[in-house]
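Understanding the architecture of this molecule
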Amino acid sequence: MPVELIKQHSGVNDSELSHCRRSSLLILRLCAVSQQHLNIVLTTDSDIAELNRRYRSKDGATNVLSFPFNDSGDSFIDSLSPQTLGDIVISYDHAVAEARKLSCSTEQRLDWLIVHGVLHLLGYDHERSARDADIMFDKETELLSELKNYRRFIMPHLAVNVDHVATIRQARGIDDPDPVAAAAVCELAGAKGIVVHLREDRRHIQDRDVRILRETVKTKLNLEMGAAKEIISFALDIKPDLVTLVPEKRQELTTEGGLDVVSQKKKLAKTIVKMDKASIPVSLFIDPKSSQIKAAKDIGATFVELHTGRYAEAADEAQQFEEFEMIRTSAEEAHLLGLRVNAGHGLNYFNTSAIALLDPIEELSIGHAIISRAVFSGLDLAVRDMCAIVENGSLY
Ligand code: PXP
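Report on the accompanying structure. Only a predicted model underlies this, so the values are computations on that prediction, with no experimental measurement involved.

1. A short note on the packing of aromatic side chains
- One pass over the full model with this rule turns up 2 aromatic pairs.
- Residues Y55 and F67 carry aromatic rings whose centres are separated by 5.3 Å and whose planes lie at 70 degrees to one another, so their mutual orientation is edge-to-face. Residue Y55 is located in helix α2 (residues 45–56), and its partner F67 is located in strand β3 (residues 64–68); the two are separated by 12 residues in the primary sequence.
- For the pair Y311 and F324, a centre-to-centre distance of 6.1 Å together with 45 degrees between the ring planes defines the contact as tilted. Taken together, the positions of Y311 in helix α12 (residues 309–312) and F324 in helix α13 (residues 317–336) put the pair 13 residues apart, joining distant regions of the chain. For the pair shown, Y311 and F324 are each scored as buried.
- Here the basic side chain of R109 rests over the ring of W112, its NZ or CZ set 4.2 Å away from the ring centre.

2. Considering the packing of helix α9 (residues 229–238) against helix α10 (residues 265–277)
- Running from N to C, α9 and α10 point in directions that differ by 20 degrees, and their axes come no closer than 10 Å. Considering their axes alone, α9 and α10 lie roughly parallel with respect to each other. Between α9 and α10 lies a crossing of right-handed hand. Contact with α9, carried on its side by I232, A235 and L236, involves T271, K274 and M275 of α10 and no other residues of that element.

3. Quick notes on the sheet that holds strand β7 (residues 221–225)
- Taking strand neighbours around the barrel as the criterion, the 8 strands line up as β5-β6-β7-β8-β9-β10-β11-β12 in a closed arrangement whose pairing is parallel. Sheet twist, expressed as the average angle between the axes of neighbouring strands with direction ignored, equals 25 degrees.

4. Examining the sheet that holds β3
- Spatially, 4 strands are ordered β1-β2-β4-β3 in an open sheet, and the strand pairing comes out mixed. Strand pairing shows two members of the sheet lacking a second neighbour, β1 (3–7) and β3, which therefore form its edges. In this sheet, neighbouring strand axes are inclined to one another by 15 degrees on average, regardless of whether the strands run parallel or antiparallel.
- Sheet analysis places β1 next to strand β2 (residues 37–43), joined by 5 bridges and oriented parallel. Among the inter-strand pairings, K7 is bridged to a residue of β2, identified as L42.

5. A short note on helix α3 (residues 92–102)
- Turning to α3, its buried residues are Y92, A95, E98 and A99. The arc that holds the buried residues of α3, viewed along the axis, is 125 degrees, so those residues lie on one side. Residues of α3 that are exposed and point more than 90 degrees away from the buried face comprise R100 and K101.
- Next to the buried residues of α3 lie α1 (14–30), β2, β4 (84–91) and α4 (106–121).

Criteria and thresholds
- Residues numbered from 1 in each chain as written.
- Predicted model: local features only at pLDDT ≥ 70, side-chain atom pairs only at ≥ 80, totals over all residues.
- Heavy atoms only, no water.
- Phe/Tyr/Trp six-rings, centres within 6.5 Å; stacked < 30°, edge-to-face > 60°.
- Helix = DSSP H or I, 4+ residues; strand = E, 2+ residues; numbered from the N terminus.
- Buried < 20%, exposed > 50% of the residue type's maximum accessible area, 1.4 Å probe, protein only.
- Lys NZ or Arg CZ within 6 Å of the ring centre and 35° of its normal.
- Axes fitted to C-alpha atoms, helices over the stretch in contact; angles between N-to-C directions.
- Parallel < 35°, antiparallel > 145°, perpendicular 65-115°, else oblique.
- Left-handed = near helix turned anticlockwise from the far one by under 90°.
- Contact = heavy atoms within 4.5 Å.
- Pairing = 2+ DSSP bridges.
- Arc of directions from axis to C-beta.

Structure representation (structure tokens):
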């Protein structure tokens, strides 16, 4: 993750944490160092007082301390390679007290403290001279005003892939659990779309599921499929709200890589034309690469879905940065070319927020993580219900 937030103060709430994450990602971007990693610790007055004493030989608490990763004494960093910018330690106690004193929100004060801390990490220093203090103050004012003016132009939404519910059903070859019922629950819980992958081997989702979902889905039905003749005819008959073309290999456990649009332009273009005639927009599931984006644009796709699998499965932080940056720049490039942008694969409760913050992204397609979590969040009640039947003869 480009920004790691460490909560060491029990008073910090979730909305303040996500505010800090969003602001710091934006601040890094505005300072042209979005490839750099930043740690932010939200702590107590007594903890920051201890750091102040240990590292600055000063008594008492302060509001923010910055610890550059590469403390060489140089003014401004000049490398844009993935690396750690440093740590910012913020006293949440101070932030709350200062917000009260200045009649602003805690979030606004936290923004100021993050901006101040980041500028120190970048070599700005108001204590060096009066001129340096002016330079830092001007930069702070500029960043805070950009932060205030920032309005996201697209709000991202969640589309839930219910294939895994069908996988459990198919394991027994009976009717339960029904992905159609799962889709309804997802929509009631706030999902703005339902995704199903109708594979040629019908290993999970069946034709019947897609037909019923076409009738029952109240949001949007996104049909993932390979560009095979039989499936294309099925899609033309069903008319989902969106068709996402994916590569499909019989032996794979799940979709492995993005489509190679560059080498399959002709075949994919033909499918897009067919869908276009039926007024079905097409999304191409591609790796975040400029060549694939340009090819998708050339053949008339409406959307691209950027493959987030390599980002999600990155072996270490440096690789995750690299993959994140590829997704970020690809999303921007696709948007500038006039393509609409979705993303998905391997997203979970830890790696999704950074992707959701990327401006051009409209929809995140997430399946495995949600269904896996549902097993555990639902297991407690499922066992309690069965205990009631076994021990009391009835659920009620
Ligand atoms: N997008 C596409 C194109 C996929 O093939 C899949 C997997 O079916 C997903 C998104 C969802 O991936 P996950 O189940 O890992 O969330």
